[in-house]
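Summary of structural features
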Amino acid sequence: MKFSAVRGSVLRSLLPSLIPAALMALASAAHAASPLPSLNIDKTQITVSGLSSGGFMANQLGYAYSSTFKGVGVFAGGPYMCAGHSNYTACMYNATISSSALNTMQADINNWSGTAIDAKSNVAAQKIYLFVGTSDSTVGPNPMNAVQTQYLNNGVPAANLSYVQRSGTAHVLPTDFDATGNNSCGTSASPYIANCGYDGAKAVLTQLYGTLNARNNSPAAANYVEFDQTAFSTNPGLAATGWAYIPAGCAAGQSCKLHIALHGCQQNYATIGDKFVRNTGFSRWADTNNIVVLFPQTKVDNTYRTTAASGSLPNPNGCWDWVGWYGSNFAQKAGTQAAALKAMVDQVSGGATGNPGDPGDPGDPGTPAVCFTSSNYTHTISGRAYALSGLTYANGSNQAMGLWNIYATTTLKRTAPNYYVIGTCP
């Protein structure tokens, strides 16, 4: 029987049972590639942090896009352009980084300022948070000491820089709560997240944003959003999808802050699942402090590639590019991964400026959001929701709407392009 031949009540009664499992699989695939929404982000409150290779990348983003990122957090990383001039091993394993090497890196900052990177004068206005464990032999205190020196040399006031060296802590993202599958604080092992009696997410977000409201230890599952990363880059070191945590108020159009949390090597979703996304504590603080958190994702790349100063290497641990796998401009604005991350920031913060042509843009003051009241089936075929295992979920927010059929009716409010929440319009 062809669908075009079915009419009226016959269609309404038979359609749910006629949709094959393959269509559900397609709906699931579409869900996994949801577009990153455009939200009402305060562009003076955009920050970044990361662990290990994510710490190196956070540092790179902070210098390359210093006019965008108002604060930077580095958990066990190294100074800007270290691996641009030395073998990567000279930038970790607790290697001492000489003043001469720092001067060479500084020359890059000076020469590229205002061209290949944003004006270096912006760095002096950033809030900086640095963390390393004294038992960290993967990166270690010495490279982090060089990070501190580099920031001070570029004008960051001591009052704006917090540097924590914690005894007994290995190469981990520290928390103050237990989570399934995490390693011990004194062991550098997968998933590199540990209860160290120290809330790293709170510490870095407090340094970057000031005093925080109490965290929510049970952030809503519906606020975790998997988004399509291929829209921003085809870089072979980036996964097809990334994750975001979007508090309900931010999804509904409130003005919110934006923080990027970058995982380290062997911490991407394909390797440790959602542990970095859910077990690091960022979403717990984001939920009660109007902070949208992006968790971009890398992937393993076993192709040997010429690096800046480390010869030909693969990227088997899914690290962020801090050694030049994907071009000699890896630490500049034009670096393929840096540019992709900046494009994600631009997309998610696009609602802050408003778009007069889109009445659903929360950044467009005075223009109401658009509401749609329809059956869950109609919402799905109209592109406002998706079906998965017989249930319906709103695009963007992933809020559960109930059974996928013509009898369940839901009102969806569009708060940003392709972003819908359950609710009503005033």
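Our subject is the structure listed above.
About the thresholds
Residues numbered from 1 in each chain as written. Predicted model: local features only at pLDDT ≥ 70, side-chain atom pairs only at ≥ 80, totals over all residues. Heavy atoms only, no water. Core = buried A, V, L, I, M, F, W, Y, C linked by side-chain atoms within 4.5 Å. Buried < 20%, exposed > 50% of the residue type's maximum accessible area, 1.4 Å probe, protein only. Helix = DSSP H or I, 4+ residues; strand = E, 2+ residues; numbered from the N terminus. Contact = heavy atoms within 4.5 Å. Pairing = 2+ DSSP bridges. Axes fitted to C-alpha atoms, helices over the stretch in contact; angles between N-to-C directions. 1 Å grid on protein atoms, 1.4 Å probe; cavity = no way out; pocket = protein on both sides within 12 Å on 5 of 7 lines; lining within 4 Å. Points joined across faces, edges and corners; volume = space filled by probe spheres on them. Nonpolar A, V, L, I, M, F, W, Y, C, P; charged D, E, K, R; others polar. Disulfide = S-S within 2.5 Å.

The nonpolar side chains of a soluble globular protein tend to be buried with one another. Ranked by size, the top nonpolar core spans 102 residues in total, and within it Leu61, Tyr151, Ile246, Leu262, Val292, Leu294 and Phe295 carry the most contacts. One finds Ala385, Ala394, Met401 and Leu412 within the second-largest nonpolar core, a separate group that totals five residues.

Moving on, we get to the environment of Gly140. Mapped onto the secondary structure, Gly140 falls in the loop between strand 3 (127-133) and helix 6 (141-153). Put simply, Gly140 and Ala95 are 45 residues apart on the chain and 7.8 Å apart in space, counted from C-alpha to C-alpha. In contact with Gly140, not counting residues within four places along its chain, are Asn94 and Val132.

A word on the sheet that holds strand 8 (residues 241-245). Ordered by their spatial adjacency, eight strands build an open sheet running 4-3-2-1-9-10-8-7, and the pairing between neighbours is mixed. The two strands at the open ends of the sheet, each matched to only one other strand, are strand 4 (161-166) and strand 7 (224-228). On average, each strand axis in the sheet is inclined to that of its neighbour by 15°, with strand direction left out of account. Inspection of the sheet shows strand 3 paired to strand 4 by six bridges, in the parallel sense. Bridge pairing in strand 4 places Gly133 opposite Arg166. Contacting strand 1 (41-51), strand 2 (71-75) and strand 9 (256-262), helix 3 (residues 53-64) crosses the sheet at an angle of about 145° to strand 1.

The space that makes up the largest pocket amounts to roughly 440 Å³. As for the largest pocket, its lining consists of 23 residues, of which Tyr88, Met92, Cys265, Asn317 and Cys319 are closest to the centre. Among the elements of the structure, helix 3 and strand 12 (312-315) are those that each provide at least two residues to the lining of the largest pocket. Taken together, the residues that form the lining of the largest pocket break down as 15 nonpolar, eight polar and no charged.

Scanning all chains against the criterion turns up four disulfides. Disulfide partner of Cys82: Cys91, at an S-S distance of 2.1 Å. Linking Cys82 and Cys91, the disulfide has an S-S dihedral of approximately -95° and is accordingly described as left-handed. No difference in accessibility class separates Cys82 from Cys91, as the two residues are buried. Through a disulfide, Cys185 is tied to Cys196; the S-S separation comes to 2.1 Å. Disulfide Cys185 to Cys196: torsion about the S-S bond roughly 110°, handedness right-handed. Linking Cys185 in the loop between strand 5 (173-175) and strand 6 (193-195) with Cys196 in the loop between strand 6 and helix 7 (200-209), this pair joins segments that are eleven residues apart in sequence. Each member of the pair, Cys185 as well as Cys196, is classed as buried.

Note that every value here comes from positions in space, so none of it alone points to a role or purpose.
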